[in-house]
Amino acid sequence: MTARTTFAKLIERHGWVRIPVIQRDYAQGRADQHIVRDDFLKSLHDALCLPKNDPMLPLDLDFVYGSVVNGSFQPLDGQQRLTTLFLLHWYLAWVDGFGEDFRERIFTAGRSRFSYEVRPGSRDFINAFAGYVPNVSAADCQDLVGMITDQPWYFRSWQYDPTIRSALSMLDRMHEVFRKTSGLYARIIDEAAPAITFQLLDLEQFDLSDDLYIKMNARGKPLTSFETFKARFERHLESKFQGWHPDLCNGTSLADFFSHRIDTRWSAFFWPFRDKRTATFDDAIMNLLRTVIMVTRGPEAAAIAADLADLRTTARASSYTWFQDRGWLDQDMILALVTLLERWSERADAFRCYLPDTRNFDEQGWFQEIITRPSGLTFQQLAQFSGYTQYLVHSTGEIDSTAFNAWMRVVSNLATNTDYNRTEDLRRSFAGLRDLVPQMNDIINHLASPDGDVRGFYRDQVAEERIKAHLIALGNGWPERIDRAERHTYFRGQIGFLLRCCEIDLSEVDAELMRIDATVANDLVGLFDHYLTCAAKMFDDLLEDPMVAGRLWERALLAVGDFLLPVGPNYSLLTTAQDEAWSWKKLLRNAAAGEVLKDLWDRLDGAASFADSLSSIIDLASGIDPWRDAILATPSVYEYGLYRMFRFYDNGGVYILRKSQMNGKHAELFTYCLYENLKVESEPLGLTVSYYETTSTDEEPGLNLILQFGGEEVSFFLSLAVSPSEYQLYLEDPQEPIHELRVVLEDLDFEDEEGWLTKNVEITEMKSQVISLARALAQ
């Protein structure tokens, strides 16, 4: 039904007028709306100043559509005009000294009867503003906005709310237009001879859908993903968790606490991380939501693999419906989200960090990763963030940074050094962390106890953490010693290889915990320090100076023993890549291969003599595998392939691969080493050398040799033969040599094999045979 009414009559009739969530922010006060704003205020001013019997009255503001929902009138169209009228009623009541009258009409039980549900911050501002009666007259007030924002009830974070900014801007302009008027409050509430009216189209009890709001209100704007999520999430908290009062809410219901914080303190916290282009932080907070959901999935959840796969994809936009339908908005997730936001925003001017430094967990750096690229987080990172979140959620009062740091050291060591090949691996880590939570404030003593086992992580790393915890608890410099070892960039907390060098058996942890008392630990100090000195220097050189100092370490280790680890059908000389199967990191994990490292380090005395000692070990190497000997003599082999991969065959063939497969470019080790050596010596011999790589297993790679004979070029090819460790050197061009050339070659024991002049050569004689050939042809 339709009726002409006033703002005051609308409030009296319906009791409550609420701008619903689906409506847009108040916009008439915005700077870019100054023409519309000023024209509207002029029309209102002129109408209120006309005599009551003027035929131009009342000023009709056209239709206001709406319906009654849950006992309150919710405008579908007319939001902007109603908000301006609300502000004007407050302002004129203040000018004329009728502030208390306005409060009686509009304010009840600490709440404004005209309210905003678009954002909790807007609602809270309207509630506080409606009950505010300034103790300064309008005539004496030079800065109305400054006076309002200086009130103790005004939150600094409200400066980011577009509705509140627009309302303050409108009030500022009203102060310019109406401050010198008087008696206009009586005119604006006069119902007998109203100055300002509108046509109310009351749609009775229709509960209009969100879609209908947007379709009917042409001036409405679609809500952002987070605004939509927030509105529905708050209702979710009210309906599902009505009786839940977590300690951090200080007695307030969770729904009210969340609604208030998200538009005040938490909004201020997120503001520095906003998108500068859109001036919103919607993406940041939705990304945080995704990540918190990922690390709070119950380890027992059957669908955890599918959940994590969905949450880590960038193809699916976040939404309340998606989250709720999958059952992700549960108590664990909500408590973690609220806890993290409350902890991080504790300082008004900066991100609150709780760890003493960033070594075990870079809190602000991780937060930046989470809000920008949650889909890129590895399982190792998710496990670490889960441990971080668990600690903050289950801590009460002020955080003990020392205990928290000890916890995160263990969590980071376990997660970083566990291989995650599938979601089930991560699920087990989540479960293991949950089991550890009761011990989180005394994690060192727990790990060192007989009950200190941890499930869900790499078993050797768990064993290592328990032994280290025992040594740390013994003191006597071990905390600092272990800390120094773990700090090395390459080790990343994994130093079990040093413990094994000290003859500590990580496969028998409980027995070792009993064996290693203070006396034994003291005896281990010298050994540990020596191996740490060697390891730190070796990996510093491998990382910082791989071509010179690093190469010395690699070749010396190869001279001491065969340390190559299998990588599928291949073996690798290893690289410093951290997480690959062909990395030094894998060697450090391997107890058997680690014995070669120990053997090398046992031959070294002090850091000052490392270079000389390493060179001596290389020079004196004897009785070793031929392939190792060839590499020691030809360091350029290290530069041949991307992954330093080798493939060994039963016929004695050893092939070096450009990448990782034989259908890619590859060379035969011994002919390639000969090629590298001859490049230096070829010119005095009148010899041109090149190498033929192949991409097929049906043909052999080999060494091309070009020489001069009788003024003509002749070429030879040297490659592995069928017989183990035997090579064939044959005349490739011309296939039919002149008599003189044939005589020379036959004198060198070349024989005709299937039409080719060929000579079989032992692996140890290849270089001498090539030099003899070059000299014979030169003569």
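Check the entry above for the structure.
An account of the accompanying structure is given in this report. (Residues numbered from 1 in each chain as written. Predicted model: local features only at pLDDT ≥ 70, side-chain atom pairs only at ≥ 80, totals over all residues. Heavy atoms only, no water.)

All right, on to the overall build of the protein chain then. For the protein chain, the count of helices and strands is 34 helices and 19 strands. Relative to its length of 779 residues, the protein chain is extended, with a C-alpha radius of gyration of 40 Å against a globular reference of 28 Å. Each principal axis of the C-alpha distribution contributes one length, and for the protein chain these read about 135 × 70 × 50 Å. The 779 residues of the protein chain split such that 55% are buried. Taking as baseline every contact in the protein chain between residues at least 6 positions apart, the subset at least 24 positions apart corresponds to 68%. Carbon and sulfur atoms make up 48% of the accessible area of the protein chain, which amounts to about 34100 Å² in all. Positive and negative charge centroids in the protein chain, built from 78 and 116 side chains respectively, lie 11 Å apart. (Helix = DSSP H or I, 4+ residues; strand = E, 2+ residues; numbered from the N terminus. Rg over C-alpha atoms; globule rule 2.2 N^0.38 Å. Buried < 20%, exposed > 50% of the residue type's maximum accessible area, 1.4 Å probe, protein only. Contact = heavy atoms within 4.5 Å. Areas by Shrake-Rupley, 256 points an atom, 1.4 Å probe, with all protein chains shown as cover. Lys, Arg positive; Asp, Glu negative; His and termini not counted. Charge placed at Lys NZ, Arg CZ, Asp CG, Glu CD.)

The next point concerns the sheet that holds strand β15 (residues 702–709). Taking strand neighbours across the sheet as the criterion, the six strands line up as β14-β15-β16-β17-β19-β18 in an open arrangement whose pairing is antiparallel. The open sheet has two edge strands with one neighbour each: β14 (688–692) and β18 (751–753). The average undirected angle you get between the axes of adjacent strands in this sheet is 35 degrees. Judged from the six bridges that link them, strand β16 (residues 712–720) and strand β17 (residues 726–733) form a sheet pairing that is antiparallel. (Pairing = 2+ DSSP bridges. Axes fitted to C-alpha atoms, helices over the stretch in contact; angles between N-to-C directions.)

It is the contact of helix α22 (residues 459–474) with helix α23 (residues 478–486), at a shortest axis distance of 8 Å, that shows an interaxial angle of 140 degrees. Between α22 and α23, the crossing angle belongs to the class labelled oblique. In contact with E465, K468, L471 and I472 of α22, α23 contributes W478, P479, I482 and E486. (Parallel < 35°, antiparallel > 145°, perpendicular 65-115°, else oblique.)

Applying the stated criterion to the full structure yields 55 salt bridges. A salt bridge links K230 to D263; its shortest N-O distance comes to 3.1 Å. With K230 in helix α10 (residues 225–240) and D263 in the loop between α11 (254–262) and α12 (265–270), the pair connects residues that are 33 residues apart, well separated along the chain. An identical accessibility class is assigned to K230 and D263; each is buried. Close ionic contact of R297 with D330 constitutes a salt bridge, the shortest N to O distance being 3.2 Å. One end of the pair, R297, is in the loop between α13 (282–295) and α14 (304–312); the other, D330, is in the loop between α15 (320–325) and α16 (331–344), and 33 residues separate them in sequence. Judged by its relative accessible area of 24%, D330 is partly exposed. Three or more residues are tied together by salt bridges with common partners; here these are R409, E464, E465, K468 and E486. (Salt bridge = Lys/Arg side-chain N within 4 Å of Asp/Glu carboxyl O.)

Turning our attention to the packing of aromatic side chains. With the rule as written, the count across this model stands at 69 aromatic pairs. Both rings, one in Y154 and one in W158, keep their centres 5.4 Å apart while their planes meet at 85 degrees; by these two values the pair is edge-to-face. One exposure class covers both Y154 and W158, and it is buried. Residues F323 and W328 carry aromatic rings whose centres are separated by 5.9 Å and whose planes lie at 50 degrees to one another, so their mutual orientation is tilted. The same class applies to F323 and to W328, which are both buried. Here the basic side chain of R111 rests over the ring of W16, its NZ or CZ set 4.8 Å away from the ring centre. In this structure, R481 packs its charged tip against the face of W478, placed 5.1 Å from the ring centre. (Phe/Tyr/Trp six-rings, centres within 6.5 Å; stacked < 30°, edge-to-face > 60°. Lys NZ or Arg CZ within 6 Å of the ring centre and 35° of its normal.)

This part covers the nonpolar core. Counting residues in hydrophobic clusters, the biggest one holds 196 residues, and the most contacted among them are W601 and F716. Among all residues touching F716, those that are not within four sequence positions of it are L703, N704, L705, L707, L729, Y730, L731, E732, L745, F750, L773 and L777. In terms of nonpolar packing, the next biggest core, distinct from the first, is built from 57 residues, L41, L85, L184 and I196 among them. (Core = buried A, V, L, I, M, F, W, Y, C linked by side-chain atoms within 4.5 Å.)

We now examine the side chain of H666. Following the sequence through the fold, H666 ends up in strand β13 (residues 666–668). Polar side-chain contacts of H666 include one of 3.1 Å to the backbone oxygen of M662. There is a polar contact of 3.0 Å between the side chain of H666 and the backbone oxygen of G664. With residues up to four places along the chain from it excluded, the contact list for H666 reads Y640, Y655, I656, L657, E693, T694, T695, S696 and P701. (Polar contact = N/O pair within 3.5 Å; in protein donor to acceptor, adjacent residues only side chain to side chain.)

Looking at the secondary structure, you find H446 in helix α21 (residues 443–447). Classification of H446 by relative accessible area gives buried; the value is 13%. Setting aside its immediate chain neighbours within four residues, H446 contacts L436, Q439, D451 and G452.

So, about unusual backbone geometry. A cis geometry characterises the amide bond from L57 onward to P58, with omega recorded as -5 degrees. A cis amide bond, omega 0 degrees, links D733 with the succeeding residue P734. Position of P734 relative to the elements: it lies in the loop between β17 and α33 (739–747). Of note in this structure, N476 is not a glycine but carries a positive phi near 55 degrees.

What follows covers the sheet that holds strand β12 (residues 654–657). With respect to topology, five strands assemble into an open sheet ordered β9-β10-β11-β12-β13, the strand pairing being antiparallel. Whereas interior strands pair on both sides, the edge strands pair on one side only; in this sheet they are β9 (565–567) and β13. Each strand of the sheet is rotated relative to its neighbour by a mean of 35 degrees, with strand direction disregarded. Both strand β10 (residues 570–572) and strand β11 (residues 645–648) contribute to a ladder of two bridges, which runs antiparallel. What sits directly across from Y571, in β11, is F646. Across the sheet, helix α32 (residues 669–681) touches β11, β12 and β13, and the angle it forms with β13 is around 85 degrees.

Here five bridges tie β17 to strand β19 (residues 756–762), and the two strands are oriented antiparallel to one another. Bridge pairing in β19 links Q728 to N760.

Right, let's talk about the environment of R589 for a bit. Within the secondary structure, R589 is located in helix α28 (residues 584–589). Considered as a pair, R589 and D460 are 129 residues apart in the sequence and their alpha carbons are 8.3 Å apart. With sequence-adjacent residues up to four places away left out, R589 is seen in contact with N417, T418, D419, Y458, D460, Q494 and R500. Of note is the side chain of R589, whose polar atom sits 2.4 Å from the backbone oxygen of N417. Looking at R589, its side chain comes within polar contact range of the side chain of D419, at 2.9 Å.

With that out of the way, let us pick up helix α19 (residues 401–416). For α19, built from 16 residues, the straight-helix expectation of 22 Å at 1.5 Å per residue is met to within 8% by its first-to-last C-alpha distance of 21 Å. By the criterion of burial, α19 is predominantly enclosed, with 13 of the 16 residues buried. The N-cap residue of α19 is D400: its side-chain oxygen and the backbone nitrogen of T402 are 3.1 Å apart. (Expected span 1.5 Å × (residues − 1).)

In short, shape yes, function no, at least from these values alone.
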